[in-house]
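One-letter residues, chain by chain:
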Amino acid sequence: MNTSSVIIGLFGGLGLFILGMQLLADGLQKAAGERMRRILELFTSKPISAVLTGAAVTALLQSSSTTTVMIVGFVNSGLMTLTQAVGTIMGANIGTTITAQIISFNIYTLAYPLIAIGAVLYYFSKKKMQRYVGMGILGFGLLLLGLDTMSKSVSPIRAYEPVLDLLVAFGNRPLLGILAGALFTAVIQSSSATTGLVIAFSWQGILDLPAGLALIVGANLGTCITAVLASLGSSGIAKRTALSHVLFNVAGVLMFILFRRPFTSL
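Note that the coordinates shown come from a computational prediction; the quantities given were computed from them, not determined experimentally.

*Asks:* Help me get a handle on the overall build of the protein chain, residues and values and all.
*Replies:* The number of helices and strands found in the protein chain is 13 helices and zero strands. Helices and strands in the protein chain line up, N terminus first, as α-α-α-α-α-α-α-α-α-α-α-α-α. The C-alpha atoms of the protein chain give a radius of gyration of 19 Å, which matches the 18 Å a tight globule of 266 residues would have. Of all 266 residues assigned to the protein chain, the portion counted as buried reaches 47%.

Laid out in structure tokens, this is it:
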């Protein structure tokens, strides 16, 4: 196995993936950002509507971290109560799964057409809205290209025993996988990027389902660091909002540990 080519391909693909995620999020936020702020303020009065609103806004903004940071800011400025914030954060955790579900399908062949269409709209369109949409399309194309690059680059690992043994350990020892996923996500500040890596390894048959689930559950925990950092220096209610995000995701980890075997079997 050529280690250098695997590392270059893996991190190069990860770079493309993160850049694509950023462009996709920026394009969608610029196209609908202010509307999303108003929706967050207006449609979070009841728990169910708060959850649905958080999920919808995060699916559109393509970033649970952005949504949670906005929520912490709203709570700190008195625009939202703690009850509204907790429901919306729960919804944000649901909405962030949309990206992972889309990229799990084998649609990598769309990468280059999307990049071409997005680039034309972004660089040659005179209307702002079309440029923002083009930015989003370009970002999604780069995201897919990065995922495809990662998937192809890790293919040689299938015959490399030390890495395979480590990944098998993630499946047999879920706490190890959860910790690895949480630490990696906390460092790169993107649960979607971690999920993209897990999907790339899974496509090549390197990761099995138990190990992949442990890493993704850990990524969910690691993404809490953004909300915690955003709450530093804020009011007590804003800190409690960030804490609710942490507790919600910790509860998800505990649920995973308890029901890991039946869920995997299902």
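That covers the picture; the talk isn't over yet.
*Asks:* Explain helix 12 (residues 224-231) to me, using residue names and the numbers behind them.
*Replies:* Within the sequence span of helix 12, burial applies to Cys-224, Thr-226, Ala-227 and Ser-231. Viewed along the axis of helix 12, the buried residues span an arc of 160°, placing them on a single side of the element. Looking at the buried positions of helix 12, the neighbouring elements they touch are helix 3 (64-76), helix 11 (209-222) and helix 13 (236-265). Looking one or two residues past helix 12, Gly-233 carries a phi angle of roughly 80°, positive in sign.

*Asks:* Hey, could you go over helix 13 for me, with residue numbers and the actual values?
*Replies:* Over its 30 residues, helix 13 extends 43 Å from the first C-alpha to the last, a length consistent with the 44 Å expected when each residue adds 1.5 Å. Within helix 13, the axis deviates most sharply at Phe-259, by approximately 75°, and proline Pro-262 lies no more than four positions further along.

*Asks:* How would you sum up the pattern of salt bridges? Please name residues and give values.
*Replies:* Evaluation of the coordinates by the stated rule reveals one salt bridge. With its nearest N and O atoms 3.2 Å apart, the salt bridge here joins Lys-152 to Asp-148. Of this pair, Lys-152 and Asp-148 are both found in helix 7 (residues 128-153), four residues apart, which corresponds to roughly one turn of the helix. The class for Asp-148 is buried, based on a relative accessible area of 18%.

*Asks:* An account of the side chain of Thr-67 is requested, with residue identities and associated values reported.
*Replies:* Among the structural elements, Thr-67 can be located in helix 3. Look past the residues within four positions of Thr-67 in its chain and what remains in contact with it is Val-57, Thr-58, Leu-61 and Ala-92.

*Asks:* Explain a nonpolar patch on the surface to me, and be specific about the residues and the numbers.
*Replies:* Together, Leu-175, Val-250, Leu-254 and Ile-257 line one region of the surface with nonpolar side chains, adding up to about 340 Å² of accessible area. Here the element with the most residues in the nonpolar patch is helix 13; it accounts for three residues. When you line up the elements, Leu-175 lands in helix 9 (residues 174-188). For Leu-175, a relative accessible area of 58% gives the class exposed.

*Asks:* How would you explain the packing of helix 3 against helix 13 if you had to name every residue and give the values?
*Replies:* For the pair helix 3 and helix 13, interaxial distance at closest approach is 8 Å and the crossing angle is 150°. The orientation of helix 3 with respect to helix 13, classified from their angle, is roughly antiparallel. For the pair helix 3 and helix 13, the crossing hand works out as right-handed. On helix 13, the residues that touch Thr-68, Ile-71, Val-72, Val-75 and Asn-76 of helix 3 are Ile-237, Ala-238, Thr-241 and His-245.

Thresholds applied
Residues numbered from 1 in each chain as written. Predicted model: local features only at pLDDT ≥ 70, side-chain atom pairs only at ≥ 80, totals over all residues. Heavy atoms only, no water. Helix = DSSP H or I, 4+ residues; strand = E, 2+ residues; numbered from the N terminus. Rg over C-alpha atoms; globule rule 2.2 N^0.38 Å. Buried < 20%, exposed > 50% of the residue type's maximum accessible area, 1.4 Å probe, protein only. Arc of directions from axis to C-beta. Contact = heavy atoms within 4.5 Å. Expected span 1.5 Å × (residues − 1). Bend = angle between axes of the 7 residues up to and from the residue. Salt bridge = Lys/Arg side-chain N within 4 Å of Asp/Glu carboxyl O. Patch = residues over 30% accessible without salt bridge, like charges linked within 9 Å, V, L, I, M, F, W, Y side chains within 5 Å. Areas by Shrake-Rupley, 256 points an atom, 1.4 Å probe, with all protein chains shown as cover. Axes fitted to C-alpha atoms, helices over the stretch in contact; angles between N-to-C directions. Parallel < 35°, antiparallel > 145°, perpendicular 65-115°, else oblique. Left-handed = near helix turned anticlockwise from the far one by under 90°.

By themselves, these are just geometric observations and shouldn't be taken as functional.
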